[in-house]
Amino acid sequence: MFCFLCRLWALAFIEGVNVSQTENTLVLEQKNRLNIGISKCLLGENVRYDGNNKRLEFAVMRLQPYANYLAICPEMAIGLPSPRPTLGLYRLRNQQIIIRFNESRNDAIDEQIRLFSQQTITKLSTLCGYIVCAKSPSCGLNNAKLLDNDSLEFISFTDGIFTAHLRDTYPWLPIIDNQQLMDSESQDHFMIRVFALHKLNQLKNKGLNRNKLLEFHSRYKLLLLAHSQPLYRQLGPFVAKIAEWDNLDDFFIEYRNRLMLLLAQPATRENHTNVLMHMQGYFNRYLTADQKKSFTDTILSYHQGQTSLQTVISCIKSYLIQYPNKYLSEQYYFVYYPEPLPK
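Residues numbered from 1 in each chain as written. Predicted model: local features only at pLDDT ≥ 70, side-chain atom pairs only at ≥ 80, totals over all residues. Heavy atoms only, no water.

Overview of the environment of P137
Rule in force here: A run of H or I in DSSP counts as a helix once it spans at least four residues, and a run of E counts as a strand once it spans at least two, with each numbered from the N terminus. We call a residue buried when its accessible area falls under 20% of the maximum for its residue type, exposed when it is over 50%, and partly exposed in between, using a 1.4 Å probe and counting protein chains only.
Residue placement: P137 occurs in the loop between β7 (129-132) and β8 (144-148). Given the relative accessible area of 15%, P137 is considered buried.

See the structure below:
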């Protein structure tokens, strides 16, 4: 797969940003940019316990031109210095999990970070993605160490306090950590989800109506098929009953949950192959026998890992120029495959 940033190039996301705050919601006044939360240390700020940072080149050098970043460090936000004593997650005898200084049994820090998390996260509903710092007791994503508070023995890996509250509050929100973003396929998967939620948020901000929601879903059909055919088959009948919903806001909430759950399933080569075969059917009546065979061979070559998905996409795009098809040309499946952006 091509780098997802190459795909975002076609979206032209480079415009200004203003930040304001209402009573209940942090408002990122964006001009088609992606509203993304991020751990401050990943942007190169020296806010970590050791006085250093965990600068993520992907975020700083490649994604930043397309993003409105909201950078947060829960530990610094409650007044802790950098450098500072290390923090850890501990399970008490009553099974409660707290965050405290490793060399101190004083758990006052837990109350402060939890209060900050609760007050801050409720204002993040405009975000379409979040990048957290791996292994952090405040921001880790299922990889922060949890220890027994009495024996200090390792129990398991879990979410940091801030991330756990973030996931509980916004279960549909795409969240990833800096370690996962070292992998190009994970980058692609994260950004597909971020872009989908971004478009859905835009749709809501402009005012919901049934026709726009149906149009949105129609344009995502092929991409959804590439991620999960079982969940796609469940989502279709749900969307078909949109007229039965008296409250469109309620429908939107349920649709968002189902859509983001579906896109959370990684796309597979098998599913992509099925989608490509499906698209081939739109052109069969126009193609000669030799062209059909060549088209099929190209798809099978991708399925066997001998050629790239971009090669097949380019083939389909060339046929779309010769034989225009409104439904196919409007599919978001194609948005992610424009010409590569120079590095």
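Still more ground to cover, so stick around.
Focus on the pairing of β8
The cut-off we apply is this: Two strands form a pair only when DSSP identifies at least two bridges running between them.
In this structure, strand β5 (residues 87-91) lies alongside β8, joined through three bridges in parallel fashion. Bridge pairing in β8 places R91 opposite D148. Strand direction decides the pairing type here: β8 and strand β9 (residues 154-158), joined by four bridges, are antiparallel. By the bridge assignment, L146 is partnered in β9 with S156. In this structure, the hairpin formed by β8 and β9 is closed by a connection of five residues, where L152 is found at a positive phi of approximately 65°.

A look at the pairing of strand β6 (residues 97-101)
Counted residue by residue, β6 has four buried out of five residues, so it is predominantly covered. As defined by bridge partners, β5 adjoins β6 across five bridges and the pair is classed as antiparallel. Paired with L87 across the bridge in β6 is F101.

A look at the pattern of salt bridges
For clarity, the threshold we go by: A pairing counts as a salt bridge when a side-chain nitrogen of Lys or Arg comes within 4 Å of a carboxyl oxygen of Asp or Glu.
One pass over the structure, following the stated rule, counts eight salt bridges. Where K326 meets E330, a salt bridge forms, and the shortest distance between an N and an O atom there is 3.0 Å. Residue classification places K326 among the exposed positions, given a relative accessible area of 59%. With a relative accessible area of 28%, E330 lands in the partly exposed category.

Quick word on the sheet that holds strand β10 (residues 175-177)
Test applied: To get an axis, a line is fitted to the C-alpha atoms, and for a helix only the part in contact is used. The angle between two axes follows their N-to-C directions and goes from 0 to 180 degrees.
Sheet architecture is open: four strands sit in the order β4-β3-β7-β10, paired in parallel fashion. Unpaired on one side and paired on the other, β4 (67-72) and β10 mark the two borders of the sheet. Averaged over all pairs of adjacent strands, the angle between strand axes in this sheet comes to 25°, irrespective of strand direction. Relative to β4, strand β3 (residues 34-39) is paired through six bridges, and the arrangement is parallel. Note on β4: the bridge partner recorded for G37 is L70.

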